[in-house]
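Analysis of the macromolecular model
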Amino acid sequence: MTNKEYLESIEGLHINNAKVSKIESLYGTEMSEIIKRIISNNDRTIFLEECRVLSYDEIVDAEVDLHVDFKGKQILPLFDCWDNDFMVYHYGTGKWSLFNIVDECVFEMRDSLAELLE
């Protein structure tokens, strides 16, 4: 699926309140509408042009599996972009970026998911 097709497809997706509540409880914050739509509709692996959407279970287990304090950094991992880079949402600021889980460095900070996927 192309990045553009994915962005267009998530606009009309339903929100699964049970999944959203669990993620919001884990991370201690209310998520934006786009995040709610992404986490509500990622039961199967979705490959985009340069990354893949993390499954719901991968997001729930991210801190344990990836050995990163995402909650402490106020970031939510949503896309695996290979080579230890993840596309993350900074729920404290509403920004998007790439995040390397080995170096724990943030780069390519953007205001929207669309800008980051360009």
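Please read these numbers as outputs of a predicted model, since none were measured by experiment. (Residues numbered from 1 in each chain as written. Predicted model: local features only at pLDDT ≥ 70, side-chain atom pairs only at ≥ 80, totals over all residues. Heavy atoms only, no water.)

1. Structural notes on the sheet that holds strand S2 (residues 52-53)
In spatial order, the strands read S1-S2-S3-S4-S5-S6; together these 6 strands make up an open sheet with antiparallel pairing. Both outer strands of the open sheet, strand S1 (46-47) and strand S6 (105-110), are each paired with one neighbouring strand and no more. Of the pairings in the sheet, the one linking strand S4 (residues 85-90) to strand S5 (residues 95-100) comprises 6 bridges and is antiparallel in character. Residue pairing in the sheet places methionine 87 in a bridge with leucine 98 of S5. (Pairing = 2+ DSSP bridges. Helix = DSSP H or I, 4+ residues; strand = E, 2+ residues; numbered from the N terminus.)

2. Looking at the pairing of S6
The side chains of a regular strand alternate between both faces of the sheet. As defined by bridge partners, S5 adjoins S6 across 4 bridges and the pair is classed as antiparallel. Considered in S6, the bridge of tryptophan 96 is made with arginine 110. What sits between S5 and S6 in their antiparallel hairpin is a turn of 4 residues, with glutamate 104 showing a positive phi close to 55 degrees.

3. Quick look at the nonpolar core
Counting residues in hydrophobic clusters, the biggest one holds 38 residues, and the most contacted among them are Leu78 and Phe79. Looking at this core, the elements with two or more residues in it are helix H1 (3-11), helix H2 (17-27), helix H3 (33-40), helix H4 (56-60), strand S3 (75-80), S4, S5 and helix H7 (113-117). In contact with phenylalanine 79, other than residues within four places in its own chain, are Tyr6, Ile38, Leu48, Cys51, Arg52, Val53, Leu54, Asp85, Phe86, Met87, Trp96 and Leu113. (Core = buried A, V, L, I, M, F, W, Y, C linked by side-chain atoms within 4.5 Å. Buried < 20%, exposed > 50% of the residue type's maximum accessible area, 1.4 Å probe, protein only. Contact = heavy atoms within 4.5 Å.)

4. So, the packing of H1 against H3
Their axes nearest at 9 Å, the elements H1 and H3 cross at an angle of 100 degrees. On the basis of their axis angle, the class for H1 and H3 is roughly perpendicular. From H1, Tyr6, Ile10 and Glu11 reach across to H3, where they touch Ile34, Arg37 and Ile38. Here the contact of H1 with H3 is composed, by residue class, of 4 nonpolar, no polar and 2 charged. (Axes fitted to C-alpha atoms, helices over the stretch in contact; angles between N-to-C directions. Parallel < 35°, antiparallel > 145°, perpendicular 65-115°, else oblique. Nonpolar A, V, L, I, M, F, W, Y, C, P; charged D, E, K, R; others polar.)

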